[in-house]
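# Remarks on the overall topology
This is what each chain is made of:
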Amino acid sequence: MNKKIHKPFSIAKPIVFIVLAVLQIGLYLYIIQAVIAAWNEDYNILTPVVLLVLLVLGVIPAIFATLLRQQNQSVKLSRIVFILLMPLVGAPWYDLFGNGIFGGRARSVHKKQQRKNLDFLDQNPKVLEELASRDLAAAGQAHAILNSSDFPVYTNTRTVLFQNGDDFLRIVLDEIMKAKKFIFIECGALRTGVVFNEIFGRLENKAQDEIEINIIYDKKATGSHLPRGFKQSCRGVGISCLSFGSFGTERDNRFSIIIDGNVAFSCSSSNLSDEILRGNPTMSVLRGDAVWSSTVMFLNMWDILAKENRDYSPYRPTLTYVEEQGYVAVFGASPSNRQNPIRTGYLKMISSAQSYLFLQTPTLELDTHLTHSLTLAASSGADVRIVTAGAFAGQRTRAYYQQLLESGVRIYEYQYPLSSKSLICDDISCILTSASLDYTSLLNNHESATWIFGDEAVFEARDDFMALLEDSREITPKFWRKHTQGLIRTWYAILRAITPIG
């Protein structure tokens, strides 16, 4: 492939924001001038006309979209206040970039795909009955995930977690070379480097065997990190490649590598890059029935981007793995699904905790329900611990520490960049996900998650978390009170108020 790198720099959003801000300042000056003129009995009929046009064309549609389409109350309230205070900034901003009135077509397309899933995703009722007989709380979690995402819970699925990126890459490369029918890859950023070169070298070899190879990557996240003419190079060797991109704030943050419908790899770092080899991502491989959910999720996105409507049946698993101990659900979340399956799975698991909850996330931005659930679990006697990326995450994450610490939640800051994202509960269940616990990931991105119950992988996730604590600093209530006085606390309060605005 051509190694010359094209480096475009997109400044569309900053320019739009600056233009809107300047217009907003101009509007305020115009209103002040009109008020002064009216006070001096020099009434201008143009002023109410301008305000009425602004209200009808911008503010009302933006508020209407926020009220109807935004289910998160914290976000809804913050956005409406922002729109009312700064209508020339807030209203167009959410209409253009916040999945407002111009995002209707995209939402309808994704909902159509979700309805199509009902033809290919069937929940075996015996699986739920068996799970309920083992653990009612786990059965509740399974039902919550199924009802919010339409993705089933499976048995006969073997799950393995990886602590070492080199081991993960080695298994990925081995399975690629074993492929007989198809290889599907979906990721956020696609970036050149060791991982890229190793994987694409083998994909080019497999393409010569007339195996179907489809790749999806996020265009905005990838930016300039691909060689010029990358898609043409892929087509030249028999690889089909599509890029996800939208005018709004949506991102495709999923990571999956699916081979022949029998093996599915996932990683909490959405980037197919050398980041896999560092940053402590949560990496896993599934073999068995639950791989079908990963395949359907990929085909959903492929059909949307390629504007196709293919039959998914030829891509079903062909191998069976008999695993009697564990239950697995692979499911996705998207801005069009207002039930927010990943957040729902988190809330249900938090509410069922008896002994402990271990959460690791690079960034932490909690709405009212998540905050209340975590503080209630801690005050009820559960050992609740959270690891964040600390200084690498920024001030918005630290702004949410105080209420958690006051309720007994233990917070740690990892001393290095962190990309692990998981929640482990009571040695019996865990969620491994691509989504950070923040507003952007939970509301605006296309994310994926794997819920696991009663499998050895739960203990592996717990051990990974405990190992992470060794390189983390605990933020004690005493330390927090000492280092967050006066203006800092005021600043954190402001950040908590404006973070939901987006």
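Residues numbered from 1 in each chain as written. Predicted model: local features only at pLDDT ≥ 70, side-chain atom pairs only at ≥ 80, totals over all residues. Heavy atoms only, no water.

Before going further, it helps to spend a moment on the overall build of the chain. When helices and strands are counted, the chain shows 20 helices and 16 strands. Among the 502 residues that make up the chain, the fraction classed as buried is 56%. A sequence separation of at least 24 residues applies to 80% of the contacts in the chain between residues at least 6 apart. Per element, the accessible surface of the chain, about 22500 Å² overall, is 57% carbon and sulfur. (Helix = DSSP H or I, 4+ residues; strand = E, 2+ residues; numbered from the N terminus. Buried < 20%, exposed > 50% of the residue type's maximum accessible area, 1.4 Å probe, protein only. Contact = heavy atoms within 4.5 Å. Areas by Shrake-Rupley, 256 points an atom, 1.4 Å probe, with all protein chains shown as cover.)

Okay, the sheet that holds strand β4 (residues 240–244) next. Paired through backbone hydrogen bonds, the strands of a sheet run either parallel or antiparallel to each other. Pairing in this open sheet of 7 strands is mixed, and the strands run β1-β8-β7-β6-β2-β3-β4 from one edge to the other. Pairing within the sheet leaves two strands with one partner each, and these edge strands are β1 (157–162) and β4. On average, each strand axis in the sheet is inclined to that of its neighbour by 10°, with strand direction left out of account. Judged from the 5 bridges that link them, strand β7 (residues 263–267) and strand β8 (residues 283–288) form a sheet pairing that is antiparallel. Bridge assignment links S266 to a residue of β8, and that residue is S284. Sheet strands in contact with helix α12 (residues 291–306) are β2 (182–187), β3 (212–218), β4, β6 (256–259), β7 and β8, and its direction is about 80° off that of β4. (Pairing = 2+ DSSP bridges. Axes fitted to C-alpha atoms, helices over the stretch in contact; angles between N-to-C directions.)

Our next topic: unusual backbone geometry. We note that N156 has phi near 50°; this positive angle belongs to a residue other than glycine. Mapped onto the elements, N156 comes out in the loop between α7 (136–149) and β1. Since its relative accessible area comes to 21%, N156 is described here as partly exposed.

This next bit is on helix α13 (residues 341–352). With 12 residues, α13 extends 17 Å between its outermost C-alpha atoms, agreeing within 8% with the 16 Å of an ideal straight helix rising 1.5 Å per residue. Taken across its 12 residues, α13 has 9 buried, putting it largely inside the fold. Listing the buried residues of α13 in full gives P341, I342, R343, G345, Y346, L347, M349, I350 and S352. (Expected span 1.5 Å × (residues − 1).)

Considering every residue of the chain, the mean pLDDT works out to 84; 79% of them sit at 70 or more. For residues 1–11, every residue scores under 50 in pLDDT, and the model assigns this stretch 20 contacts once sequence neighbours within four places are set aside. (pLDDT = per-residue confidence, 0-100.)

Within the element layout of this structure, S293 appears in helix α12. Residue contacts for S293: discarding those within four places in its chain leaves L121, F151, P152, Y154 and V330.

Here the focus is the pairing of β4. Counting buried positions along β4 gives 4 out of 5 residues, so the element sits mostly inside the fold. Bridge analysis of β3 against β4 gives 5 bridges, and the strand direction is parallel. Across the sheet, the residue bridging to D218 is F244, located in β4.

By the definition in use, this model includes 19 aromatic pairs. Between F168 and F265, the aromatic rings sit 5.7 Å apart at their centres with planes inclined by 85°, giving edge-to-face as the arrangement. On the criterion of sequence distance, the pair formed by F168 in helix α8 (residues 165–178) and F265 in strand β7 is long-range, its members being 97 residues apart. Here the aromatic rings of F182 and Y315 are separated by 5.1 Å at their centres, their planes lie at 80°, and the arrangement is edge-to-face. Of this pair, F182 sits in strand β2 while Y315 sits in the loop between α12 and β9 (327–333), placing them 133 residues apart in sequence. Neither residue differs from the other here; F182 and Y315 are each classed as buried. Feature note: the residues F182, F184, F298, W302 and Y315 constitute an aromatic cluster, connected by ring pairs. (Phe/Tyr/Trp six-rings, centres within 6.5 Å; stacked < 30°, edge-to-face > 60°.)

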